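If you want the building blocks of each chain, they are given just below.
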Amino acid sequence: MDAEYYKLSAENAAGLFERARADYDVVAKTRDANGNLVYGRPVSFEDVAFVDEQPPMSAKAFALPQNETLVRYERGGGEIRAETPEAPARDLLLFGVNVCDAAAFDIIDRVFQWDYLDDPYLARRERTTQLALACTALQRDCFCNRISYAEDGVDAVAYPREGHYLVKIQTDNGRRLVERYRNLFAEADGDPETEITSFLEKAGTAKREPLLETAQSGLAGAFEHADWEILASTCIGCGICTYTCPTCHCFDIQDEGGYVGGRRLRTWDHCTGRTFTAMPAHQPRDRQYKRYRQRLLHKFWYYPERFGPVLCTGCGRCITHCPVKINIKELVEYFGGLSDAPPGGRRHAP
Amino acid sequence: MATIREELQAAVRRLFEDDKIDYFLGYVDDYGHTFPAILTKDSDLSGLTFDRKSYNNLAAFLPELRGSRLGLICKQCEVRTLNVLAAEEQLEREKLVVVGVPCPAMIDPRKLSADEAELGSDDPALWQEKCRRCLERNTPTADLFVGEKISTPTPAEGWPLLEEVEAKPAEEREAWWREQMSLCIRCYACRLACPLCYCHQCFVEDNKPQWLDKSVGAENNLHYHIIRAIHLAGRCIECQECSRVCPVGIPVDVLNNVLSRDFASRFGYASGETAETKPALVAYERDDPEDFIL
Amino acid sequence: MARIGVFVCWCGANIASTVDVESVAEAASRLPGVAFATDYKYMCSDPGQKAILEAAQEHRLDGLVVAACSPRMHEPTFRQVAAEAGINPFRMQMANIREHCSWVHADREEATAKALDAIRMMVARVAQSEPLEPIKVPVTRRALVIGGGVAGIQAALDVADGGVETILVERTPSIGGKMAGLDETFPTLDCSQCILTPKMVDASRSEFIKLYTYCEVEKVDGSVGNFKVTLRKKAKYVNHELCNGCGDCFHKCPYKKIPSEFDYGVGNRTAIYVPFPQAVPNKPVIDRETCVFFKTGKCRACEKVCLRNAIDFEQEDEFEEIDVGAIIVATGYDILEPAEMAEFRYGAIPDVITGLQFERMSSASGPTEGKIVRPSDGEEPKVVVFVHCVGSRDENYKEYCSKICCMYNAKHAIILKHRIHDAQAYLFYIDVRAGGKGYEEFWKRACVEEGAEYLRGRVSRLYDENGKVIVEGQDTLSGEQVEVVADLVVLATAMVPAKGTEEMARILGVSTDKDGFFNEAHPKLRPVDTATGGIFLAGACQAPKDIPESVAQGSAAAAKALGLLTKEEITREPTVAVVDPFICTGCWNCVTVCPFGAPEKSEITMTIDGRKVTRPVSEINEGKCEGCGLCVASCPGNCIDQRGFSDDQVYAELGGYLERLRAALTHE
């Protein structure tokens with residue numbers, strides 16, 4: 001569809017939140033008991049945090065929960081009863097989430113409906129609407145400005161303006177949201193696209209030198225590059241980058257419970273881990289730098305080759321939260337041939 | 001006067017030139033972060049530094065570089081770790097060149113604002129908790145010391161967060177732990193950043209028998225954290241890396257601190273004090289009170 | 001699926017009266033993995049074993065569960081049966097439905113359910129059991145005997161008689177033990193030294209016996225067939241190579257008033273001394289504690305008179321490591337310190353002495369040359385009270401009977417009469433225990449022929465008055481209060497394990513009973529074995545014993561040791577620990593905790609990413625592993641498993657136990 005533009009006053013934004021809570025399961029940024037920023041279910045508009053900062057955990061879990069029961073069984077009275085959990089009962093509204101988080105769904109939808117249709121995932125996606133909030137400034141570790149694809153698949157993006165939001169509707173799903181609460185939205189005036197462009201320029205999030213287009217061919221020849229070992233050997237193999245990543249979607253299937261009852265469930269898994277794919281055979285990548293290389297190349301080479309977009313929205317969480325601050329953007333630039341200088345000046349013996 | 005950065009780079013360059021080491025394990029800064037790096041003789045050393053964001057316990061990288069001649073920066077956290085590793089016979093000390101530095105205390109990353117103005121401050125309230133308890137700011141066991149020695153302020157006593165948690169009534173305390181544990185995503189960064197969690201296969205990875213379900217949840221997560229704490233009982237040297245790396249902000253080390261305190265009060269034992277300090281839980285003497293010991 | 005046979009034993013009525021064995025067998029036959037189940041009156045009997053063999057063939061069984069008594073009883077029996085049936089013996093498990101079930105329960109229904117639980121557990125375990133082969137280890141053909149009393153001497157002589165080199169270690173300067181200090185022996189009244197000294201000399205002369213006196217066992221490593229023993233040869237300060245035993249040194253030693261340990265303080269010795277004239281070796285040692293030279297640096301009288309320059313004040317304790325295949329422990333006994341029992345006034349009244357002191361007095365070679373006297377004034381006692389059960393059979397001290405006191409009290413009464421014809425012996429006793437060849441006749445003789453007065457009752461009070469010891473007590477036969485005005489009181493104090501027994505047990509890795517005596521492996525069937533293979537017991541270190549019993553046990557232990565040492569190699573249980581080198585980090589917890597030195601530091605080289613990486617790993621020396629499981633439990637990486645007790649087996653067993661709970665939860 002062609003994009004549509006609306007104005008949402010600050011006052012109506014509060015009204016939208018309150019009204020939507022009656023119709024949707026509303027998820028927004030809020031603070032947990034430790035004062036940390038999270039995606040949660042604030043009960044009032046005052047509890048919603050309108051900040052650029054991202055919660056450590058992306059919004060991915062609302063479509064692909066860390067644990068997801070696929071089938072549950074119970075034994076008793078001489079029989080075994082099995083049941084599959086029902087699809088979500090309510091529509092989900094991701095309210096004011098970061099654009100980089102909202103954008104991730106459209107990217108990973110492709111893998112969940114390629115070949116095999118992943119019912120539990122798709123059932124949740126079908127009932128999800130995103131109303132993302134554009135950031136006012138690029139933060140230290142973010143690089144969404146280098147990801148060309150980014151916000152294209154997001155249902156609706158709100159750009160904060162003086163006293164109101166400029167809301168750009170990009171999908172039918174987004175249009176349904178506006179139609180549902182039409183009286184809260186006003187027609188946008190002027191030239192909204194130009195306004196958005198200048199907003200992005202000011203925020204520093206306008207696109208430049210997209211990594212995909214510039215690095216993919218370089219990466220394709222970099223698999224055997226000697227510097228992987230030295231640059232990625234500090235990777236400790238934890239799951240932070242993948243678990244906080246809005247686009248990483250690898251999972252494991254586990255059985256839990258026993259004779260009396262139990263469940264089969266899907267849990268997140270991470271390719272950087274030592275035991276990844278050990279259940280059918282073994283982890284084929286015998287050293288940590290190879291596991292890290294796998295993650296990077298999957299995102300910037302294999303995935304776009306198969307599905308189009310890079311498997312990254314440039315949110316930067318994998319840099320911010322990395323215990324050893326490995327910088328995926330810098331490494332893509334270096335191994336993709338965009339930069340001669342390896343991050344931190346490290347270089348392998350020639 | 002040369003800065004520590006310059007001195008360090010010069011010292012490391014010499015180590016490579018004199019063919020004393022194959023790798024140097026230090027910190028470099030780039031893109032606004034200070035982070036661990038493995039450097040070779042061909043590396044550009046201009047990123048090499050030691051500052052108040054040199055958080056990582058570099059001893060955690062020793063297994064990766066086993067067998068190589070290695071130089072590494074050791075602040076007190078690493079010194080204590082090396083002592084435990086030596087006592088547990090995990091250390092190839094003769095292959096190490098321990099480079100000592102004056103440690104100015106690390107600034108708690110959770111207290112750093114975007115402009116990082118705090119880096120210039122000497123307010124102990126901004127330090128990581130471990131730094132307030134630090135007993136030695138210089139590296140007593142260094143093979144090579146870089147920079148000017150500095151004085152160590154009187155160490156703070158106690159574990160403020162642990163004491164705060166303990167002061168809660170039992171039910172509240174349980175609720176607090178449950179809440180913390182429900183945040184855990186079991187990325188295992190705490191375990192992997194820990195220089196003393198060096199098992200090739202952690203109990204959480206065993207599946208025959210499977211000690212722990214893979215699914216997350218307060219109970220399972222607590223199970224993991226408690227067993228890890230117990231495996232570190234009498235070993236943890238309180239570098240707080242587990243808490244620092246936690247992406248969801250769980251103060252994991254509170255569990256370790258409980259045990260450290262018990263070891264201190266019951267056995268007069270502090271892990272990693274010297275390389276000869278035997279691991280408390282496996283060392284035994286014939287006159288130990290337990291009569292089941294043969 | 002496994003094909004396991006389940007055999008439920010009735011054990012006569014032992015099991016069958018409480019457990020419904022037929023229904024248990026029937027239920028067992030329906031368990032997964034069970035191909036056949038039956039019950040029989042005595043599974044261990046010949047027909048019972050035959051039934052197993054036949055069933056194994058008919059049903060092509062590959063595992064056995066025998067539900068019967070404790071595996072300590074019949075595991076070897078049924079492992080043998082399994083082997084004969086062509087089933088790996090380690091795929092045979094016993095479900096103990098006797099000691100653990102029928103004997104301790106009264107409710108038939110519950111006991112039956114529990115018996116089935118036990119069988120279900122073992123079936124699950126056998127299904128997970130790997131076949132194991134026994135481990136073969138070569139044997140060191142040398143024995144060590146610890147303790148040179150009569151039991152140890154007998155054991156050493158008998159082992160040597162079998163042509164096996166024997167090392168006899170004694171911590172005092174001479175072998176001979178307690179028996180060397182006795183006067184005459186019951187019930188024959190032959191002279192103790194006359195019958196013992198020839199044996200002592202034989203031991204010292206045997207080409208197969210190496211005598212180490214004044215020597216202690218410091219450390220024992222290794223295990224059955226191959227022990228490594230560290231001996232501490234205490235400094236004698238006399239070079240026994242040079243010394244010819246002339247005795248000039250101790251005659252010249254100016255310090256003569258040191259209470260003699262051998263005489264229990266009745267006589268004295270010098271600082272350089274031979275404990276008794278018939279000592280073997282008959283060469284002196286210097287007691288560093290009492291020698292004035294070691295205290296003040298002056299004297300050296302002995303050095304001056306020694307014509308052979310044998311005195312060597314520079315000597316130090318020496319350590320020697322020996323390899324032996326078997327160890328016989330014969331560390332003997334001591335008596336319960338009588339001063340600790342204040343009511344008997346020992347130490348407070350000089351004329352209250354112990355039976356062993358009486359022995360030294362009445363011994364012709366003793367300090368009084370056989371004269372029985374009152375320690376207080378050296379007068380001949382006319383009225384002597386012998387008190388039985390001093391500290392024995394007394395819940396305040398030792399609950400057990402010391403066994404020999406009844407007989408030696410009778411002997412003392414007879415000796416008293418023989419030496420002092422007008423003396424009267426009174427014996428306060430609880431009852432007289434005289435089980436033994438000629439024993440009953442012996443105490444009757446004391447009573448009837450030698451005029452000893454037996455008073456049945458405990459002594460209630462002892463005090464001294466006008467140089468006499470007044471002994472009050474009740475004669476429970478007449479019901480009258482009795483009072484004896486005695487010249488001398490002799491206490492038959494309880495026998496206790498020799499000092500240092502506890503430490504010895506620790507060094508040897510064997511257990512002791514509640515009273516501190518060494519534990520035998522089985523009270524009836526393995527009385528001279530310990531639970532640790534290759535370590536045997538002889539004499540009073542195991543329980544109070546008299547001379548014939550100690551000698552018999554010495555010979556028995558020797559026979560056991562010879563049985564072991566005449567083999568080229570022995571087989572060991574394959575239930576040893578095993579390390580997964582891919583997981584092992586080489587933390588050496590296992591090395592630290594293992595009492596047997598089984599885990600050894602080793603290395604593994606792996607090729608990772610084209611790079612050879614060598615790292616330290618632990619490796620179990622199967623010849624040393626006793627299968628105790630300490631390393632398994634202390635391995636932080638869970639990389640050690642124990643064969644025969646693998647995690648899989650234990651979990652399967654637990655699963656079997658939980659089955660009943662599961663069924664209850666699921667209403668099945």
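Residue indices follow the written sequence of each chain, beginning from 1 at its first position. Here chains are named by letter from A upward and ligands by number from 1 upward, in the order in which they appear as written. Whole-chain, interface and lining totals are the exception, using all residues; otherwise, since this is a predicted model, local features are given only for residues with pLDDT of at least 70 and side-chain atom pairs are given and counted only at 80 or more. Think of the side-chain values as coming from all heavy atoms in the structure, minus any hydrogens and water.

### Considering the overall build of chain A
When helices and strands are tallied, chain A shows 11 helices and 12 strands. In terms of overall dimensions, chain A is globule-like: its C-alpha atoms have a radius of gyration of 22 Å, near the 20 Å expected for 350 residues. Buried means the residue's accessible area, taken with a 1.4 Å probe over protein chains only, is under 20% of the maximum for its type, while exposed means over 50%, and partly exposed covers the values in between. Scored against the burial criterion, the 350 residues of chain A give a buried share of 59%. Every residue pair with non-hydrogen atoms within 4.5 Å of one another is taken to be in contact. Taking contacts inside chain A between residues at least 6 apart in sequence as the whole, the part at least 24 apart equals 72%. With the model as given, the accessible surface of chain A reaches about 14500 Å², and the carbon-plus-sulfur share is 49%. Side-chain charges of chain A comprise 43 positive and 51 negative groups, with the mean position of each set lying 5 Å from the other. Only DSSP runs of H or I covering at least 4 residues are called helices, and only runs of E covering at least 2 are called strands; the numbering of each starts at the N terminus. Computation of the radius of gyration draws on C-alpha atoms, with the globule rule given as 2.2 Å multiplied by the number of residues to the power 0.38. Only the protein chains shown count as covering a residue, and every accessible area follows the Shrake-Rupley method with a 1.4 Å probe. This count recognises Lys and Arg as positive and Asp and Glu as negative, with His and chain-terminal groups excluded. By convention, the charge on Lys lies at NZ, on Arg at CZ, on Asp at CG and on Glu at CD.

### Observations regarding the overall build of chain B
Within chain B, the regular secondary structure consists of nine helices and six strands. The dimensions of chain B, computed from C-alpha atoms along their principal axes, are 55 × 50 × 40 Å. Sequence separation of 24 or more characterises 67% of the internal contacts of chain B that already satisfy a separation of 6 or more. For chain B, the computed accessible surface area is about 12800 Å², with 52% contributed by carbon and sulfur atoms. Computed over 34 positive and 50 negative side-chain charges, the inter-centroid distance for chain B is 2 Å.

### A closer look at the domain arrangement of chain B
All names here are of chain B. Segmentation into domains, and thus their bounds, comes from an automatic or database assignment. Each assigned domain of chain B is listed here: domain 1 (4-145) and domain 2 (160-267). Its C-alpha centre places domain 1 at a distance of 25 Å from the equivalent point of domain 2. A simple way to read buried area is as the amount of 1.4 Å-probe accessible surface that goes missing from two parts once joined, with both sides added. Here domain 1 meets domain 2 over a buried area of about 1600 Å², counting both sides, of which 52% is carbon and sulfur. The term salt bridge refers to a side-chain nitrogen of Lys or Arg lying within 4 Å of a carboxyl oxygen of Asp or Glu. Counting across the domain 1 and domain 2 interface gives two salt bridges. For R133, the salt bridge goes to E238, with nearest N and O atoms at 3.0 Å. Whenever a nitrogen or oxygen atom comes within 3.5 Å of another N or O atom, the pair is scored as a polar contact, on the condition that within protein one atom can donate a hydrogen and the other can accept it, and that pairs from neighbouring residues in sequence are kept only if both atoms are in side chains. Joining domain 1 to domain 2, the criterion identifies nine residue pairs in polar contact (both at pLDDT 80 or more). Elements with a minimum of two residues in the side of domain 1 that touches domain 2: α2 (76-87) and α3 (129-133). For the side of domain 1 that touches domain 2, the element with the highest residue contribution is α2, accounting for five residues. Classification convention: Asp, Glu, Lys, Arg as charged; Ala, Val, Leu, Ile, Met, Phe, Trp, Tyr, Cys, Pro as nonpolar; all other residues, Gly among them, as polar. Of the residues in the side of domain 1 that touches domain 2, the class split is seven nonpolar, five polar and seven charged.

### Looking at a nonpolar patch on the surface
Patch membership needs two things, relative accessible area over 30% and no salt bridge, and members are linked within 9 Å if like-charged or within 5 Å if nonpolar (Val, Leu, Ile, Met, Phe, Trp, Tyr). On the surface, a cluster of nonpolar side chains totalling about 330 Å² of accessible area is made up of F645, V650, Y651 and L654 of chain C. Inspection of the secondary structure puts L654 of chain C in helix α19 (residues 647-665).

### Some remarks on the state of the cysteines
The rule for a disulfide is simple: a pair of cysteine sulfur atoms within 2.5 Å. Enumeration over the complete set of coordinates arrives at one disulfide over all chains. Between the sulfur of C191 of chain C and that of C194 of chain C lies a disulfide, 2.4 Å long from S to S. Since a negative S-S torsion denotes a left-handed disulfide, the C191 of chain C-C194 of chain C link at about 85 degrees is right-handed. Cysteine C142 of chain A remains unbridged, with the sulfur of C144 of chain A as its closest cysteine sulfur at 6.2 Å. C291 of chain C takes part in no disulfide bond, and the closest cysteine sulfur, belonging to C302 of chain C, lies 6.2 Å away.

### So, the interface of chain A and chain B
At the junction of the two partners, chain A supplies 44 residues and chain B supplies 48 residues. Taking both partners together, chain A and chain B bury about 3600 Å²; carbon and sulfur atoms supply 53% of that area. Measuring nitrogen to oxygen at the nearest pair gives 3.0 Å for the salt bridge that ties R140 of chain A to E116 of chain B. Our enumeration of links across chain A and chain B arrives at 17 residue pairs in polar contact (both at pLDDT 80 or more). Mapped onto the side of chain A that touches chain B, the elements with two or more residues apiece are α8 (240-244), β11 (251-257) and β12 (261-268) of chain A. When grouped by side-chain class, the residues that make up the side of chain A that touches chain B number 16 nonpolar, 17 polar and 11 charged.

### A word on the packing of aromatic side chains
Note on ring pairs: Phe, Tyr and Trp rings are taken, using the six-membered ring of Trp, and paired if centres are within 6.5 Å. Classes follow the plane angle, with under 30 degrees stacked, over 60 edge-to-face and the rest tilted. As enumerated under the stated definition, the model contains 32 aromatic pairs over all chains in all. Consider the rings of F112 of chain A and Y121 of chain A, whose centres lie 4.0 Å apart with planes at 20 degrees: the pair is stacked. In terms of burial, F112 of chain A and Y121 of chain A fall into one category: buried. With 4.8 Å between their ring centres and 75 degrees between their planes, Y188 of chain B and Y224 of chain B make a pair best called edge-to-face. Placement of Y188 of chain B in the loop between α5 (170-183) and α6 (189-193) and of Y224 of chain B in helix α7 (residues 218-231) is noted, with a sequence separation of 36 residues between them. Residue Y188 of chain B shares its accessibility class with Y224 of chain B, and that shared class is buried. R266 of chain A extends its terminal NZ or CZ atom over the ring of F251 of chain A, reaching a point 4.6 Å from the ring centre. Whether a charge lies above a ring is judged from NZ of Lys or CZ of Arg, which has to be within 6 Å of the ring centre and within 35 degrees of the ring normal. Over the face of the ring belonging to Y214 of chain C we find K234 of chain C, whose NZ or CZ atom lies 4.7 Å from the ring centre.

### With respect to the interface of chain C and chain A
With nine residues of chain C in contact, the opposing surface of chain A contributes 10 residues. Note on chain C versus chain A: buried area summed over both sides is about 830 Å², and carbon and sulfur give 51% of it. Across the chain C-chain A interface, the total number found is zero salt bridges. Where chain C touches chain A, the interface holds zero residue pairs in polar contact (both at pLDDT 80 or more). It is α19 of chain C that provides the largest number of residues to the side of chain C that touches chain A, a total of three residues. Taken together, the residues that form the side of chain C that touches chain A break down as two nonpolar, two polar and five charged.

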